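# Structure at a glance
Listed here are the chains, written in short residue letters.
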Amino acid sequence: MSDGAVFALAESACVEPLVGRWPAWAHVMAPAAFSLHLVNYQVKTLRSYLDNPGLHEKSCRDPRLLGGAFVDIPSERTPEVAALLRDMEDSLKENVDFAHALTEFHNWLVREAKGESLESYYRRLPPALRGYVELVYDYYNRPIVRCLEGMLYNSPYYKRELQSFRLFRQEHDLSRPYYMSTPRLPDENAIDWDVRFDDPRVDELFRLDCRPRSFGEIRELLDLSPEDEGRLAGLLQEVHPERRERWRGSGVRIRYFGHACVLVESADVSILIDPLIAVRPESCDIERFSYDDLPDQIDYALITHGHHDHFVIETLLRLRHKIKTLVVPKNCDAFFADMSLRLLAGRLGFRGVREVECLDELAIADGQIVAIPFLGEHNDLPSAKSAYFIRIGGQTLLFAADSNCLDPAIYAHVCRITGPIDTLFVGMECVGAPLAWVYGPILPIKPDHRHSKDRRSNGCNSATAFELARAIQCRRAFVYAVGREPWVRFLLALEPSDDDVYMTEIGSFARRLEEEAHVEARRLFGKAELFM
């Protein structure tokens with residue numbers, strides 16, 4: 001390397017946040033959800049692996065079993081998995097006790113309390129719950145154990161010390177094991193960085209994207225020994241300092257980064273919706289926008305909901321130093337599966353967080369952002385979620401995310417308030433995962449199989465997407481890639497084909513919209529740049 005050289009993270013460098021060696025997502029961060037997920041998914045999955053590692057190894061190679069609770073770790077590393085499980089059971093005993101106490105007491109309370117005062121039941125709370133819950137009824141005298149989430153983040157159940165990062169060079173888009181079922185064991189080619197998510201040094205590392213530093217400074221930042229220089233060198237690339245200025249063109253520029261991630265820019269403001277940015281791996285077959293295609297400042301980052309492919313902790317931490325205001329939807333604050341994204345964002349080190357409810361408005365230069373109702377997608381469970389209407393540069397746009405148009409009257413009312421909306425962005429994941437897939441481990445009782453199959457985390461199909469588009473009187477519509485980009489497979493476990501139900505429904509939607517409403521519709525994929 002030349003004297004005076006400065007470096008940024010290589011295009012293929014991936015920095016994966018971990019919680020206790022598991023990829024970080026909302027359900028392993030929020031204390032109540034983490035405790036339940038730990039007991040009912042992580043521990044059970046590791047025990048199953050240890051009982052038959054060969055079965056897990058074989059199942060991970062079967063495309064039909066993508067997304068199953070199978071650990072993608074070679075059998076010869078079984079002793080390391082056993083050691084990890086022992087460490088989890090020893091160090092997380094408080095969380096295990098909390099999970100059992102919460103489930104058992106909640107189920108007992110449902111059986112016992114029939115509408116009489118709940119005051120006497122506080123004396124029967126198990127020690128693990130005392131001071132951390134409120135007991136309430138719904139309007140039909142069904143009791144609820146409401147977790148005081150802010151208290152839990154300041155309790156022994158929030159294990160900040162479990163947080164760390166794993167830095168590695170990504171070989172190709174499909175090289176990452178499924179996020180939920182496979183912990184990340186030490187890798188001789190990776191660097192384990194033992195810092196917490198809210199540590200200021202995290203921003204220093206990620207500022208390398210726009211403020212490169214010398215090799216020695218980066219090694220010191222990561223607290224690496226000289227023996228680690230080879231691994232570090234593979235994660236860096238020599239660059240010339242370059243400032244990425246805000247886009248200054250006329251009108252509005254839109255960049256599609258894949259999945260549901262869209263950057264909207266005018267000369268005055270930049271807005272990033274559902275940040276999920278892919279690196280460019282060493283073997284890169286599909287073009288994409290990546291971190292170097294973002295401006296140095298993102299004025300607003302909008303989160304539509306807390307699912308792992310929309311509230312993406314890996315991307316959010318990497319962009320934290322760029323984001324002035326993170327906008328998140330408000331939760332209903334009654335059920336422990338419905339966590340506060342505002343509290344979670346605060347634990348991720350975000351300071352400028354704005355929580356929004358239905359029709360809350362944010363004034364922006366030459367326009368506005370308005371929170372819009374978001375139905376569906378969450379298996380009929382209450383959840384923090386919001387679509388967003390944006391007025392910018394004389395254009396109006398609706399980012400409906402994974403909304404399902406279950407009641408077109410909502411969008412008719414929205415259109416009455418906003419006027420006809422020029423452009424619709426919508427997901428059409430019309431099948432959706434069953435209730436038990438993500439939520440099963442954190443529900444107080446195991447869902448009935450019939451209910452689980454019937455209650456899906458699905459968005460629009462062709463008929464409901466058409467009703468949505470007609471209700472808002474849009475002039476053009478864009479459909480997200482419904483998990484077809486290979487870099488989201490480790491999150492979504494989808495194996496798409498050109499003739500699957502998603503493509504059929506998207507095709508039907510586009511044809512009907514063009515024939516009956518004379519409106520252009522297009523499916524996005526990988527990378528797109530639009531000017532309006």
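## Notes on helix α4 (residues 93-112)
Taking 1.5 Å per residue, 20 residues should reach 28 Å; α4 reaches 28 Å between its end C-alpha atoms and fits that length. Those residues of α4 lying buried are N95, F98, A99, A101, L102, T103, F105, H106, N107, W108 and L109. Buried residues belonging to α4 abut α1 (31-51), β4 (133-137), β5 (143-147) and α5 (149-153).

## Remarks on the layout of surface pockets
The space that makes up the largest pocket amounts to roughly 910 Å³. Lining the largest pocket are 43 residues, and of these D72, R166, S175, R176 and P177 sit closest to its centre. At three residues, the largest contribution of residues to the lining of the largest pocket is made by strand β6 (residues 163-169). Here the residues of the lining of the largest pocket are counted per class, giving 18 nonpolar, 10 polar and 15 charged.

## Brief notes about the packing of helix α11 (residues 408-418) against helix α14 (residues 462-472)
Direction vectors running N to C along α11 and α14 enclose 20°, while the axes themselves pass 8 Å from each other. Between α11 and α14, the angle falls in the class roughly parallel. Here α11 and α14 pass one another in a crossing that is right-handed. Side by side, α11 and α14 meet where P408, Y411, A412 and C415 of the first sit next to E467, L468, A471 and I472 of the second. Counted by class, the contact of α11 with α14 contains seven nonpolar, no polar and one charged residues.

## Describing the sheet that holds strand β19 (residues 423-426)
Pairing in this open sheet of seven strands is mixed, and the strands run β15-β16-β17-β18-β19-β20-β21 from one edge to the other. Two strands lie at the open edges of the sheet, namely β15 (361-364) and β21 (520-523), each paired on one side alone. Taking each pair of neighbouring strands and ignoring which way they run, the sheet shows an average axis angle of 15°. Alignment of strand β20 (residues 476-479) against β21, held across four bridges, turns out to be parallel. Along β21, the bridge assignment pairs R476 with E520. Across the sheet, α14 touches β18 (395-399) and β19, and the angle it forms with β19 is around 155°.

## A few points about the packing of α1 against helix α3 (residues 78-91)
Packing of α1 against α3 brings their axes to within 10 Å, and their N-to-C directions diverge by 150°. Classed by the angle they form, the pair α1 and α3 counts as roughly antiparallel. At the point where α1 passes α3, the crossing takes the left-handed sense. Contacts between α1 and α3 involve L38, Q42, V43, L46, R47, Y49 and L50 from the first element and T78, V81, A82, L84, L85, M88 and E89 from the second. Considered class by class, the residues forming the contact of α1 with α3 number 10 nonpolar, two polar and two charged.

## A word on the side chain of T45
Note that T45 resides in helix α1. On the basis of relative accessibility, which here comes to 5%, the residue T45 falls in the buried class. Look past the residues within four positions of T45 in its chain and what remains in contact with it is H56, A69, V71 and S181.

## Regarding the side chain of D309
Along the polypeptide, D309 turns up in the loop between β12 (298-302) and α9 (313-319). For the buried D309, no salt bridge exists, and the shortest N-O distance to an oppositely charged side chain is 13 Å, to R484. Separated by 2.7 Å, the side chains of D309 and H259 make a polar contact. Of the polar contacts made by the side chain of D309, one reaches the side chain of H310; its length is 3.4 Å. Apart from residues lying up to four places away in sequence, D309 is in contact with H259, L276, L491 and L492.

## Some remarks on the pattern of salt bridges
Under the defined criterion, the tally for this structure stands at 38 salt bridges. Among the ionic pairs, R184 bridges to E16, the shortest N-O distance being 3.2 Å. Remark: E16 occurs in strand β2 (residues 13-19) and R184 occurs in the loop between β6 and β7 (191-193); sequence separation between them is 168 residues. Accessibility assignment for this pair places R184 and E16 in one class, buried. Of the charged contacts in the structure, one is a salt bridge between D97 and K93, with a shortest N-O distance of 3.0 Å.

What counts, and where the lines are drawn
Residues numbered from 1 in each chain as written. Predicted model: local features only at pLDDT ≥ 70, side-chain atom pairs only at ≥ 80, totals over all residues. Heavy atoms only, no water. Helix = DSSP H or I, 4+ residues; strand = E, 2+ residues; numbered from the N terminus. Expected span 1.5 Å × (residues − 1). Buried < 20%, exposed > 50% of the residue type's maximum accessible area, 1.4 Å probe, protein only. Contact = heavy atoms within 4.5 Å. 1 Å grid on protein atoms, 1.4 Å probe; cavity = no way out; pocket = protein on both sides within 12 Å on 5 of 7 lines; lining within 4 Å. Points joined across faces, edges and corners; volume = space filled by probe spheres on them. Nonpolar A, V, L, I, M, F, W, Y, C, P; charged D, E, K, R; others polar. Axes fitted to C-alpha atoms, helices over the stretch in contact; angles between N-to-C directions. Parallel < 35°, antiparallel > 145°, perpendicular 65-115°, else oblique. Left-handed = near helix turned anticlockwise from the far one by under 90°. Pairing = 2+ DSSP bridges. Lys, Arg positive; Asp, Glu negative; His and termini not counted. Salt bridge = Lys/Arg side-chain N within 4 Å of Asp/Glu carboxyl O. Polar contact = N/O pair within 3.5 Å; in protein donor to acceptor, adjacent residues only side chain to side chain.

Take it as geometry only, folks, not as evidence of what the structure does.
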